[in-house]
Amino acid sequence: MTTLNLVETEAFIDGLWVQGDKTFDVLNPADGTVIAKVADLGEAETTLAIDAAHRAFPAWAARTAKERGAILRKWSDLMLAHADDLARLMTAEQGKPLAEAKGEVVYGAAFIDWFAEEAKRAYGHTIPTPMPGKRLASIKQPIGVCAAIAPWNFPIAMITRKVGPALAAGCTVVVKPAAETPLCALAMARLAIEAGVPSGVLNVVTTTNSSAVGKVLCDDGRVRKLSFTGSTPIGKVLYEQCAGTMKKLSLELGGNAPFIVFDDADLEAAVDGAIASKYRNTGQTCVCANRLLVQSGIHDAFVARLAEKVAALRVGPGTEQGVQIGPLINDKALCKVDRLVTDAIRDGAKVLTGGDAHGLGGLFYQPTVLVDARPDMALFQEEIFGPVAPIVKFETEAEAIELANATPFGLAAYFYSRDVGRCWRLAEKIEAGMVGINEGLISTEVAPFGGVKESGLGREGASEGLEEYLETKYLCFGGVG
Ligand code: SIN
C-alpha cells in the first residue's frame, strides 16, 4: 500500500486540531480496509466552531478583497503543489481513479483561484436619484458566518466551490464534510493554515451524526447562510430547519438528467459524450446522464456503439493504472443500483452489457447499458448514482421534450443534434439549470452551476456564486444640497 500524506484525523476549530471523545472509521471503498480513525464530533463542538467563526468574522471581513485574494491564491497554489498527495487521499477514501482524482484537485483549486480574483469585483451601484437633495447607492457586504455541508462524491471541489466564494467575500465558514470523506477536507484545512487563513475563518467539523450537527448549524441565528450539496430529501429538511432563522440558502440537490440523441447527431460525438457524462465518477455525480432518450432513426447504431465502448471500460481499484471505473461508495449505493437494474430487467429492459455486480466483488458494479427501458421504470425516475445507462427510444422532438421534462428534478440536461434551430428550441424548452448541447461535460468554475424545480436553489461558481455570500445594502444620503 502506498503511504498517504497530508493525513489529519482531528477536526479543526478556531485554528486548533480537536480530538473529541469518539472516533469513526474511514474506509477505502475499493477493499473495505480502514484508512484512518477520525474525530467524531457532536453538537457542543459544532457550537464552538460557530463561536470561532463568529469571533473571526469582523477582522476577516475588514480585510481588503485584495488581501483575502492573496491568501486564497496561496491556498490554491498549495493545493496544486500537493495535487498528487491530495489525489491519493481522495482515491483512498472516495474510490475514484487517480487520474480523475487529480482532475478534481485541479477543478477544486480553480474555484479558489477564480473567487480570489472575483472578490475584487463585488461592485455595488450608484443610483441616479429621483429626489433633489438625496444621493442613492448600494454596497455589497459579506453575509457573515456560513455553513457548508459537503458531499462525498467530490470531496474537495464541492468544499472549495462553497468555501472559495465565502472566504473571498469576507465570510467565515464552518464546513461539515461527509463522513465517508473527511480526510480531504482536513488536508485542505492544513493547507489553509499554511496559506495564512487566520484562526476561526475556516473550521471543519467531522462527524457521523450529520442530522444533529446539521440541526445546530440551521438553528443558530449567527449562521447567516447555509450551502448544501446532497440529496433532495435532506435538502428539504435543511430548507425547513433554516426557516426559523431566515438563512440565505444554496441547495444543490438531486438530478435526473436526460441525455437526448437526435437522428441528426454526430454518432461518435454523442457516444463519447454519453460515456463522459454517464460514467464519470462511476456514475456518482448529480449531473450524470440518468436517462438516455434516443431517436428511432439513430437508436440501433447508437446503442450498439455505446455498448461496445462501455464493455471496454476498465473497472478496478482507482490506484491501478488505466482504471476508468472505481467502486461505488458503500453498500447502500450498491444495493440501490442493483435494485434499480434488477427491477428494470424484470419489467422488460434488455441488457446489452453489464447488468450485475462485478466479478471483483466488494463495491464494484459492471458498467451497464440497458435498452427497451420505459419512462415508468424506477431507474428513469430515481437518480441511479451508478454506472448504468438505461435507454428509451422516441420518435419526435415534441415527445423528447415531454419525456425530458417529466420529472420533478431539473439540474442538468444534455442533447445532441446538428440542427441549429432545434438546438435553440431545446435549450429554451428544457427545464434544467444547465444544458449541455453536443457536450457531455459542462462543469467549470466560471459558469453558474445549479438547478431548477426540486434540484435546488441558487448557483455555485461564476459571479453568481459570489453573490450568494453577499448582502446588498442600500444607502440613501440626505441633505446633499
Ligand atoms: C455534483 O455531482 O454535485 C457536482 C458535479 C460537478 O461539479 O460536475
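Summarised in this report is the structure supplied together with it. (Residues numbered from 1 in each chain as written. Predicted model: local features only at pLDDT ≥ 70, side-chain atom pairs only at ≥ 80, totals over all residues. Heavy atoms only, no water.)

1. Remarks on the overall build of the protein
Of the regular secondary structure elements, the protein holds 15 helices and 22 strands. The C-alpha radius of gyration computed for the protein amounts to 23 Å, which stays within 12% of the reference 23 Å derived for 481 residues, consistent with globular compactness. With the C-alpha coordinates of the protein rotated into their principal frame, the extents come out at 75 × 60 × 40 Å. Scored against the burial criterion, the 481 residues of the protein give a buried share of 55%. The long-range share in the protein, meaning contacts at least 24 apart out of those at least 6 apart in sequence, stands at 72%. With an accessible surface of roughly 18,600 Å², the protein has 56% of that area assigned to carbon and sulfur atoms. Both charge centroids of the protein, one from 47 positive and one from 58 negative side chains, sit 6 Å from each other. (Helix = DSSP H or I, 4+ residues; strand = E, 2+ residues; numbered from the N terminus. Rg over C-alpha atoms; globule rule 2.2 N^0.38 Å. Buried < 20%, exposed > 50% of the residue type's maximum accessible area, 1.4 Å probe, protein only. Contact = heavy atoms within 4.5 Å. Areas by Shrake-Rupley, 256 points an atom, 1.4 Å probe, with all protein chains shown as cover. Lys, Arg positive; Asp, Glu negative; His and termini not counted. Charge placed at Lys NZ, Arg CZ, Asp CG, Glu CD.)

2. Looking at the sheet that holds strand S6 (residues 135–142)
Here three strands make up an open sheet; going across it, the order is S5-S6-S22 and the pairing antiparallel. Only two strands of the sheet have a single partner each, and these edge strands are strand S5 (125–127) and strand S22 (470–477). Neighbour-to-neighbour, the strand axes of the sheet open up by a mean angle of 25°, direction not taken into account. As defined by bridge partners, S5 adjoins S6 across three bridges and the pair is classed as antiparallel. Residue pairing for S6: His 125 is matched across the bridge by Ser 138. (Pairing = 2+ DSSP bridges. Axes fitted to C-alpha atoms, helices over the stretch in contact; angles between N-to-C directions.)

3. Looking at the pairing of S6
Bridge analysis of S6 against S22 gives eight bridges, and the strand direction is antiparallel. Its bridge partner being in S22, Ile 139 is matched across the sheet by Lys 473.

4. Some remarks on unusual backbone geometry
Peptide bonds are trans in most cases, and residues, glycine excluded, mostly fall at negative phi. Unlike most non-glycine residues, Asn 281 shows phi in positive territory, near 55°. A positive phi angle is found at Lys 453, which is not glycine, with a value near 50°. Within the fold, Lys 453 resides in strand S20 (residues 452–453). A relative accessible area of 37% places Lys 453 in the partly exposed class.

5. Digging into helix H5 (residues 157–169)
If you check H5, its first and last C-alpha atoms are 18 Å apart, about what 13 residues at 1.5 Å a residue would give, namely 18 Å. Of all 13 residues that make up H5, 13 are buried, and the element is covered over most of its length. Immediately beyond the C-terminal end of H5, within one or two residues, lies Gly 170, with a positive phi of roughly 110°. (Expected span 1.5 Å × (residues − 1).)

6. Observations regarding the site of the ligand
If you check the shell around the ligand, you find 13 residues, and the closest are Tyr 107, Glu 252, Arg 280, Cys 286 and Ser 443. Between the ligand and Arg 161 there is a distance of 3.0 Å, counted from an oxygen atom to a side-chain nitrogen or oxygen. Within the contact set of the ligand, an oxygen atom lies 2.4 Å away from a side-chain nitrogen or oxygen of Ser 443. For the ligand, whose free accessible area comes to 260 Å², the fraction covered by protein is 100%. Tallied by class, residues from the shell around the ligand come to six nonpolar, four polar and three charged. Of the domains in this structure, domain 1 (11–253 + 455–475) and domain 2 (257–444) are the two that each give at least three residues to the shell around the ligand. (Near = heavy atom within 4 Å. Polar contact = N/O pair within 3.5 Å; in protein donor to acceptor, adjacent residues only side chain to side chain. Nonpolar A, V, L, I, M, F, W, Y, C, P; charged D, E, K, R; others polar. Domains from an automatic or database assignment.)

7. Description of the side chain of Arg 68
Structurally, Arg 68 can be placed in helix H2 (residues 65–81). Of the side chains bearing the opposite charge, Glu 67 lies closest to the buried Arg 68, which forms no salt bridge; the N-O distance is 7.0 Å. At 3.3 Å, the side chain of Arg 68 and the backbone oxygen of Trp 60 are in polar contact. Within the structure, Arg 68 has its side chain in polar contact with the backbone oxygen of Ala 169 (distance 3.5 Å). Aside from chain neighbours lying at most four places away, what touches Arg 68 is Trp 60, Ala 61, Arg 63, Leu 167, Ala 168, Ala 169 and Gly 170. (Salt bridge = Lys/Arg side-chain N within 4 Å of Asp/Glu carboxyl O.)

None of the figures reported here should be taken as evidence of function without further support.
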